[in-house]
Amino acid sequence: MRIGIVCYPTFGGSGVLATELGKALATKGHDVHFITYRQPVRLNEFNANIFYHEVRVPEYPLFEYPPYELALSSTLVDVIIRHDLDLLHVHYAIPHASAAYMAKQIVKEKTGRSVPFVTTLHGTDITLVGKDKTYEPVVTFSINESDAITAVSNNLKEETLKFFSIKKEIDVIYNFVDIDRFNKKPIDAFKKAVAPKGEKILVHASNFRKIKRVCDVTKIFAKVREEIPCKLLMVGDGPERPKCEEYINKLGLENDVRFMGKQEQIEEILAISDLFVIPSEYESFGLAALEAMAAHVPVLSSNVGGLPEINIEGETGFLFEVGDIETAAKKALHLLSDEVYLQKIKDQAHKHALQFDIKKIIPLYEKLYGRFCRMQ
Ligand code: GMT
């Protein structure tokens, strides 16, 4: 098939997922065209079946807000016609679903061909941004006009149905992980550099937005560190980072906490880690938690959104109510102070992640595409 993928090209979960999906489809022989405003971060290898089309948004003094959606729609029209695409798959509804709808109408008018589009809902496009009155009518319309709708967890499907008047079936297709990539042996020298005395290593990775509650990570860490020697790795960057760094300095923990910034080789960091902490206010899925499990790292997560669908209490890690630092720290200590138990949960976390392996999930998307287009 010839598939167009639209996504945000950043480190965010939806962009990562869309890019990994495109790469996997290309490996299976499909032609994949990424249409984004920048080359996606995980699009870092050559594959003859992958094409990248940059959306250029011309500047004009009149535009206080350059119209990205129009530029995207026009680029979609051009790419669909020029490369005879069979289907568009847009990730994150805003503004990708409405841009795809617009492109579909124009292509139909120009060529008589109706090119289907699939919209995958990822989370904040529904639970935060999409709900806003400013966007809601367009979001509802363009989701309903999608030829297929998918959500990355049952929770996100339920949230969507609760807040939007959706007339179509929403298929739940869980996010996936490339197990082979994350099944890495720890690099001893790296582990020694981070934890020279064999301290336990806690890790967090996110875009440091408010919804991630990154300061809770440092609060949990501070409590755990009172009892056992440990280090904390904070991966990623974003608006809450300065506040978090300040808090760490105030507590005098700067020698035990490293802010590592955005990292492409997250699997190397996970390979030396003992516990992944994700205390978010909401997560539709929590792709970073799944990547941790794939790397044999148990997950300590809040009990919200799709997180309890992937992180199983006492099996792959532990859950706590949002903001309940005490319980989270207690559960972390229970795990980290018993070496045999820790190893057991590490093994179970990895085993659980196997059911989300890329090789199992990609065929579900192919089957979905097959509803509209014949596989060639
Ligand atoms: O979490 C973010 O702020 C980024 C956001 C995105 O759109 O990239 O992540 C959402 O999509 C991911 C991939 O499906 C999910 O794993 C995240 O849980 C989801 N984030 C939220 O729901 C807050």
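On a predicted model such as this, the values are computed, not experimentally measured, just so you know.

Peer 1: What's the story with the site of the ligand in this structure? I'm lost.
Peer 2: Every one of the 19 residues lining the ligand counts as a neighbour, but S14, H122, N207, K212 and E283 are closest to it. Separating an oxygen atom of the ligand from a side-chain N or O atom of N207 is a distance of 2.8 Å. S284 is positioned such that a nitrogen or oxygen atom in its backbone is 2.9 Å from an oxygen atom of the ligand. A majority-of-atoms criterion places the ligand in the largest pocket. Here the residues of the shell around the ligand are counted per class, giving 6 nonpolar, 10 polar and 3 charged.

Peer 1: Help me out: how do you make sense of helix 10 (residues 241-250) in this one?
Peer 2: Think of an α-helix as turning once every 3.6 residues; residues three or four places apart then point the same way. Here helix 10 has its buried residues at R241, C244 and I248. All buried residues of helix 10 fall inside an arc of 65° around its axis, so they share one side. Of the exposed residues in helix 10, the ones pointing more than 90 degrees away from its buried face are E246 and K250. The elements touched by buried residues of helix 10 are helix 9 (214-227), strand 9 (230-236) and strand 10 (257-261).

Peer 1: Just checking my understanding: could you explain the domain arrangement of the chain for this structure?
Peer 2: Frequently, the measure chosen for interface size is the accessible area removed from exposure when the parts meet. Along its sequence, the chain is organised into domain 1 (2-176 + 358-370) and domain 2 (179-356). For domain 1 versus domain 2, the distance between C-alpha centres works out to 30 Å. Contacts between domain 1 and domain 2 engage 26 residues on the former and 20 residues on the latter. Carbon and sulfur atoms make up 54% of the area that domain 1 and domain 2 hide from each other, which totals about 1,700 Å².

Peer 1: Looking at this structure, how should I read the side chain of T119?
Peer 2: Along the chain, the position of T119 falls in strand 5 (residues 117-121). In this structure T119 comes out as buried when scored by relative accessible area, which is 0%. Filtering out sequence-adjacent residues up to four positions away, T119 remains in contact with V90, A93, A97, S146, A148, I149 and T150.

Peer 1: Hey, could you run me through the packing of helix 9 against helix 14 (residues 325-336) in this one?
Peer 2: Between two packed helices, both the angle of their axes relative to each other and the distance between the axes serve to describe the pair. The contact between helix 9 and helix 14 brings their axes to 9 Å, and the two run at 50°. By the angle between their directions, the pair helix 9 and helix 14 is classed as oblique. Two packed elements cross with a definite hand, and for helix 9 against helix 14 that hand is right-handed. Only I325, E326, A328, A329, A332, L333 and L336 of helix 14 make contact with helix 9, whose side of the interface consists of D216, K219, I220, K223, V224 and E227. When the residues that make up the contact of helix 9 with helix 14 are grouped by side-chain class, the tally is 8 nonpolar, no polar and 5 charged.

Peer 1: Honestly, the packing of aromatic side chains in this entry has me stumped. Any pointers?
Peer 2: To describe a pair of aromatic rings, one takes the distance between the centres and the angle between the planes. Evaluated as defined, the whole model comprises 9 aromatic pairs. Centre to centre, the rings of Y37 and Y68 are 5.8 Å apart; their planes meet at 85°, and the pair counts as edge-to-face. Taken as a pair, Y37 in the loop between strand 2 (31-36) and strand 3 (50-54) and Y68 in helix 2 (residues 68-82) lie far apart in primary sequence, 31 residues in all. Each residue in the set Y8, Y37, Y68 and Y92 is aromatic and connected to the rest through ring pairs, giving one cluster. Just above the ring of Y247 sits the side chain of K219; from NZ or CZ to the centre is 6.0 Å.

Procedures and definitions
- Residues numbered from 1 in each chain as written.
- Predicted model: local features only at pLDDT ≥ 70, side-chain atom pairs only at ≥ 80, totals over all residues.
- Heavy atoms only, no water.
- Near = heavy atom within 4 Å.
- Polar contact = N/O pair within 3.5 Å; in protein donor to acceptor, adjacent residues only side chain to side chain.
- 1 Å grid on protein atoms, 1.4 Å probe; cavity = no way out; pocket = protein on both sides within 12 Å on 5 of 7 lines; lining within 4 Å.
- Sits in = over half its atoms within 2 Å of the grid points.
- Nonpolar A, V, L, I, M, F, W, Y, C, P; charged D, E, K, R; others polar.
- Buried < 20%, exposed > 50% of the residue type's maximum accessible area, 1.4 Å probe, protein only.
- Helix = DSSP H or I, 4+ residues; strand = E, 2+ residues; numbered from the N terminus.
- Arc of directions from axis to C-beta.
- Contact = heavy atoms within 4.5 Å.
- Domains from an automatic or database assignment.
- Buried area = accessible area lost by both parts, 1.4 Å probe.
- Axes fitted to C-alpha atoms, helices over the stretch in contact; angles between N-to-C directions.
- Parallel < 35°, antiparallel > 145°, perpendicular 65-115°, else oblique.
- Left-handed = near helix turned anticlockwise from the far one by under 90°.
- Phe/Tyr/Trp six-rings, centres within 6.5 Å; stacked < 30°, edge-to-face > 60°.
- Lys NZ or Arg CZ within 6 Å of the ring centre and 35° of its normal.

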